[in-house]
Amino acid sequence: MKITEHINNAKGKTLFSFELLPPVKGQSITSIYNTIDALMEFNPPFIDVTYHREDYIYKQHANGLLERIAYRKRPGTVAICAAIMNKYKVDAVPHLICGGFTKEETENALIDLHFLGIDNVLVLRGDARKADKDFVPTPGGHAYATDLLQHVKEMNNGKYLHEDIENSERTDFCIGVAGYPEKHFEAPNFQTDFNYLKKKVDMGADFIVTQMFFDNSKYKAFVEQCRAHDINIPIIPGLKPITSARQLITLPKIFHIDIPLELSEAIDACKSPHAVRELGIEWMVQQCKELVAFGAPVLHFYTMGNPGPTKRIVEQVF
Ligand code: FAD
């Protein structure tokens, strides 16, 4: 079922969902099932699975030469989505990125998803490879989420890359896009980034999932700005509790978000890792209660392979 249908069927009640990362190559899918098993009691109508582009590793040969090898550390997104749908009867939402795919490969991936009965995709540009300073599009691939979105919309209209296909089947994907209440880090200013978000919505995005944030006023201002500019699709807040003091440094560095002073000072004052975890959970419980009161359609958690804190929070919110 489409995410927009799940939200409509809830008639204003806030839903719960979460995001999973595929296991590192060579690891078992059991960690995915363990996370889902821990959170199934809260009836998630959908579960997201991230997509990870290839990165480079360097292998040293006996003659001293270094060989650069491209490899994907976390493969398996599409198969995990199929496994989730099969085992749990819950809608799986694969993330689909521009990086690492030619247009042809993108189309074939979408055909796989369509045949698997997957109704939703979150379309993204994707992160830059660690070895590259900036995002580098794959030759023959899409450069921005808008391009990928356009491709999915065309398939939804029965138009595939090779126009000689007659009577082609229309896919019917419900399409999500990313939104940044604190702006995307590459954009010169909030308004420019917002204009591109507006473009994604005008091109036919069905829902927005936000980057994580720790200050609800940022989400609320973002929703208000969207509504003022005729963006009327659901805006799903992405949430992650702080679980270690180190995240005061790593989260802003990786996700380009602010940690409010009140939270960072409280974490600095904690006497143990346990106290930090408890504080992170308490902060997120308060955030979630406010977001429910504000009318957020879904509370969407970035579990990052650790369902424990999410479970503690959701128990106190729903
Ligand atoms: P875009 O919307 O393409 O925007 C990228 C930048 O270009 C922005 O600065 C924007 O302002 C600008 N821009 C947008 N359109 C245009 C245009 N047409 N012309 C010029 N400039 C433009 N990454 C992964 O690799 N895998 C994942 O599974 C994944 N999941 C994510 C889930 C969520 C909810 C979020 C918020 C992010 C996720 N990311 C993931 C990270 C994401 O790929 C990065 O933040 C990436 O840098 C931007 O992706 P985007 O889709 O927002 O890009």
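Residues numbered from 1 in each chain as written. Predicted model: local features only at pLDDT ≥ 70, side-chain atom pairs only at ≥ 80, totals over all residues. Heavy atoms only, no water.

Asker: Before we go on, may I ask you to explain helix α10 (residues 273-294) in this structure?
Answerer: The periodicity of an α-helix, 3.6 residues per turn, causes residues three or four places apart in sequence to face the same way. In this model α10 runs 31 Å from its N-terminal to its C-terminal C-alpha over 22 residues, within 8% of the 32 Å that 1.5 Å per residue would give. Looking at α10, one finds that the buried residues are Val 276, Gly 280, Ile 281, Met 284, Val 285, Gln 287, Cys 288 and Leu 291. Taken together, the buried residues of α10 touch α7 (216-228), β9 (235-239), α9 (261-268), β10 (298-302) and α11 (307-317). Positioned one or two residues after α10, Gly 295 has a phi angle of 95°, which is positive. (Helix = DSSP H or I, 4+ residues; strand = E, 2+ residues; numbered from the N terminus. Expected span 1.5 Å × (residues − 1). Buried < 20%, exposed > 50% of the residue type's maximum accessible area, 1.4 Å probe, protein only. Contact = heavy atoms within 4.5 Å.)

Asker: What am I meant to see in the packing of α9 against α10 here?
Answerer: In a pair of packed helices, the angle between the axes and the distance between the axes together describe the arrangement. Between α9 and α10, the least distance of the axes is 9 Å, while the angle of their chain directions is 155°. Comparing the axis directions of α9 and α10 gives the class roughly antiparallel. Of the two possible hands of crossing, α9 and α10 adopt the one that is right-handed. On the side of α9, the interface is formed by Glu 262, Leu 263, Ala 266 and Ile 267, while α10 contributes Val 276, Leu 279 and Trp 283. Its residues assigned to classes, the contact of α9 with α10 comprises six nonpolar, no polar and one charged. (Axes fitted to C-alpha atoms, helices over the stretch in contact; angles between N-to-C directions. Parallel < 35°, antiparallel > 145°, perpendicular 65-115°, else oblique. Left-handed = near helix turned anticlockwise from the far one by under 90°. Nonpolar A, V, L, I, M, F, W, Y, C, P; charged D, E, K, R; others polar.)

Asker: For this particular structure, what's the right way to read the pairing of strand β1 (residues 15-20)?
Answerer: On a regular strand, each side chain points to the face opposite its neighbour's, so the side chains alternate between the two faces of the sheet. Extensive coverage of β1 is indicated by the burial of six of its six residues. Residue alternation in β1 divides its side chains into two sets, Leu 15, Ser 17 and Glu 19 and Phe 16, Phe 18 and Leu 20, and both sets are buried. For β1 and β10, the ladder comprises five bridges, and the chain directions are parallel. Residue pairing across strands places Glu 19 opposite Tyr 302, the latter belonging to β10. Strand direction decides the pairing type here: β1 and strand β2 (residues 46-49), joined by three bridges, are parallel. By the bridge assignment, Phe 18 is partnered in β2 with Ile 47. (Pairing = 2+ DSSP bridges.)

Asker: Is there a simple way to explain the packing of aromatic side chains in this structure?
Answerer: One pair of aromatic rings is described through two measures. These are the centre distance and the angle between the planes. The final tally for this structure, using the stated rule, is 10 aromatic pairs. Consider the rings of Phe 16 and Phe 42, whose centres lie 5.9 Å apart with planes at 80°: the pair is edge-to-face. Within this pair, whereas Phe 16 is found in strand β1, its partner Phe 42 is found in the loop between α2 (30-39) and β2, the two being separated by 26 residues in sequence. Here the two residues Phe 16 and Phe 42 agree in accessibility, since each one is buried. Residues Tyr 33 and Tyr 88 carry aromatic rings whose centres are separated by 6.1 Å and whose planes lie at 50° to one another, so their mutual orientation is tilted. One end of the pair, Tyr 33, is in helix α2; the other, Tyr 88, is in helix α3 (residues 77-88), with 55 residues separating them in the sequence. Feature note: the residues Phe 16, Phe 18, Phe 42, Phe 301 and Phe 318 constitute an aromatic cluster, connected by ring pairs. One residue, Arg 68, lies across the ring of Tyr 56, its end atom 3.7 Å from the ring centre. (Phe/Tyr/Trp six-rings, centres within 6.5 Å; stacked < 30°, edge-to-face > 60°. Lys NZ or Arg CZ within 6 Å of the ring centre and 35° of its normal.)

Any functional reading would require information that these geometric values do not contain.
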